[in-house]
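# Examination of the molecular architecture
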Amino acid sequence: MSVASMTGFARATGHHGAIHWTWELKSVNGRGLEVRCRLPQGYEALEVAAREAAARLLKRGNVNVALSVVRTSETPAVRINEPLLTQLAAMLQEAGKRVPGFAPPSLDSLLAIRGVVEVVDEEEDEAAREARLAAALAGLDEALDHLGTMRLAEGTRLAEVLRRQLDDVARLTAAAEATASARPEAMRERLKALIEALLQASPALPEDRLAQEAALLVGKADVREELDRLKAHVAAAREMLAAGGAIGRKLDFLCQEFNREANTLCSKSSDVELTRIGLDLKAVIEQFREQVQNIE
């Protein structure tokens, strides 16, 4: 499976008889899958189907689905609103009785009044309506396919960026491991000096307190555990990228673990070189986390 991005845009157009439609889909980052539909009057019945179609293809992201429809019939159907015309004629007749010399308007003037002549859609039976909606829904499937293709293409590019950043994390982890302060012999010498300082403390520490302090010093001096976990996290992230699919949430959790180890490494650091490497690690991990936010 490939890695997909959550960002993308797609458009699909088509027609059914005199109806021309255009679907536009926009997708951005989101914690889950949220589909918002904007459909014209007469197409509201497509909303449920549109949400279901999006959920079959997409796992995460905020998706805006918009449909615009244009009727291209050259001879629109018209009708006269007879009740309104009758009412107007009666009102004018009454006005003529009350106002001397009143000249009733012509029929042309009455027909020019808004609402007397109406443009109406041609009536369609249930079969024609279902065919129209089915044609429009097929256009949505086409747009969703385009959106999925775009998200996969963007995901492929993001995966390459993430792999390079993981290479940087691995390189910096190896550099931290090679520093003098991370070597076992250096840690032994440093611990020896710290424990001797505790033994010479005045007043002398009780044995149980001395054991506690020595254990704390050992834990703070040894960074090998953090380095081992960083290497394990790099391997896990590479496996996820190779497997593909909806891995965004897993990678986001792994970013937290990366950051925790880098923070601990910096807090345990006893020299400038290891601290510098730890800060570089934190910077790369933050860049990695920012890119992961785009992964489905």
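Owing to the predicted nature of the structure, the values given are computational and were not obtained by experimental measurement.

Of the regular secondary structure elements, the chain holds nine helices and six strands. Looking at the chain residue by residue over its 296 residues, the buried ones come to 34%. For the chain, the accessible area works out to roughly 17500 Å², and carbon and sulfur atoms hold 54% of it.

This brings us to helix α8 (residues 248-268). Over its 21 residues, α8 extends 31 Å from the first C-alpha to the last, a length consistent with the 30 Å expected when each residue adds 1.5 Å. When α8 is considered as a whole, its buried residues turn out to be Gly248, Leu251, Leu254, Cys255, Glu257, Phe258, Glu261, Ala262, Leu265, Cys266 and Lys268.

Moving on, we come to the nonpolar core. Judged by nonpolar contacts, the single largest core of 30 residues is most densely connected at Leu241, Leu251, Phe258 and Phe288. Where this core is concerned, the elements lending two or more residues are α4 (126-178), α7 (224-243), α8 and α9 (272-292). Core analysis: the next-biggest nonpolar cluster, separate from the first, contains 23 residues, Leu25, Val35, Leu46 and Ala143 among them.

This part covers the confidence of the model for the chain. Across the chain, the average pLDDT comes to 85, with 82% of residues at or above 70. The least confident element of the chain, judged by mean pLDDT, is helix α6 (residues 207-221) at 54; the most confident is strand β3 (residues 33-38) at 95.

For helix α2 (residues 82-98), built from 17 residues, the straight-helix expectation of 24 Å at 1.5 Å per residue is met to within 8% by its first-to-last C-alpha distance of 25 Å. Along α2, the positions that sit buried rather than exposed are Leu85, Leu88 and Ala95. Within α2, the buried residues cover an arc of 85° as seen down the axis, which keeps them to one side. Exposed positions of α2 whose direction lies more than 90 degrees from the buried face are Glu82, Pro83, Thr86, Gln93, Lys97 and Arg98.

Here the focus is the pairing of strand β1 (residues 8-16). Summarising the sheet, β1 and strand β2 (residues 19-28) pair through nine bridges and their orientation is antiparallel. Each bridged residue has a counterpart across the sheet, and for Ala12 the counterpart in β2 is Trp23. Between β1 and β2, which follow one another and run antiparallel, lie two residues, and Gly17 among them has a positive phi close to 65°.

Attention now goes to the packing of α4 against α9. Contact geometry for α4 and α9: axes closest at 10 Å, N-to-C directions at 165°. For the element pair α4 / α9, the angle class is roughly antiparallel. As for the relative orientation of α4 and α9, their crossing is left-handed in sense. Of α9, the residues touching α4 (which contributes Leu158, Val161, Leu162, Gln165, Leu166, Asp168, Val169, Leu172, Thr173, Ala175 and Ala176) are Leu274, Ile277, Asp280, Leu281, Val284, Ile285, Gln287, Phe288, Gln291 and Val292. Residue composition of the contact of α4 with α9, grouped by class: 15 nonpolar, four polar and two charged.

On to the packing of aromatic side chains. Counted according to the given criterion, the structure contains one aromatic pair. Geometrically, the ring pair formed by Phe258 and Phe288 is edge-to-face, given 6.0 Å between the ring centres and 70° between the ring planes. With Phe258 in helix α8 and Phe288 in helix α9, this residue pair connects regions lying 30 residues apart in the sequence. Among the residues examined, Phe258 registers a relative accessible area of 1% and is labelled buried.

α4 packs onto helix α1 (residues 46-57) with a crossing angle of 25° between their chain directions and a minimal axis gap of 10 Å. As the angle between them shows, α1 and α4 are arranged roughly parallel. As for how α1 packs across α4, the hand of that crossing is right-handed. The segment α1 lies against α4, with Leu46, Ala49, Ala50, Ala53, Ala54 and Leu57 engaging Leu133, Ala136, Leu137, Leu140, Asp141, Leu144, Asp145 and Gly148. Among the residues making up the contact of α1 with α4, the classes are represented as 11 nonpolar, one polar and two charged.

Cut-offs and rules
Residues numbered from 1 in each chain as written. Predicted model: local features only at pLDDT ≥ 70, side-chain atom pairs only at ≥ 80, totals over all residues. Heavy atoms only, no water. Helix = DSSP H or I, 4+ residues; strand = E, 2+ residues; numbered from the N terminus. Buried < 20%, exposed > 50% of the residue type's maximum accessible area, 1.4 Å probe, protein only. Areas by Shrake-Rupley, 256 points an atom, 1.4 Å probe, with all protein chains shown as cover. Expected span 1.5 Å × (residues − 1). Core = buried A, V, L, I, M, F, W, Y, C linked by side-chain atoms within 4.5 Å. pLDDT = per-residue confidence, 0-100. Arc of directions from axis to C-beta. Pairing = 2+ DSSP bridges. Axes fitted to C-alpha atoms, helices over the stretch in contact; angles between N-to-C directions. Parallel < 35°, antiparallel > 145°, perpendicular 65-115°, else oblique. Left-handed = near helix turned anticlockwise from the far one by under 90°. Contact = heavy atoms within 4.5 Å. Nonpolar A, V, L, I, M, F, W, Y, C, P; charged D, E, K, R; others polar. Phe/Tyr/Trp six-rings, centres within 6.5 Å; stacked < 30°, edge-to-face > 60°.

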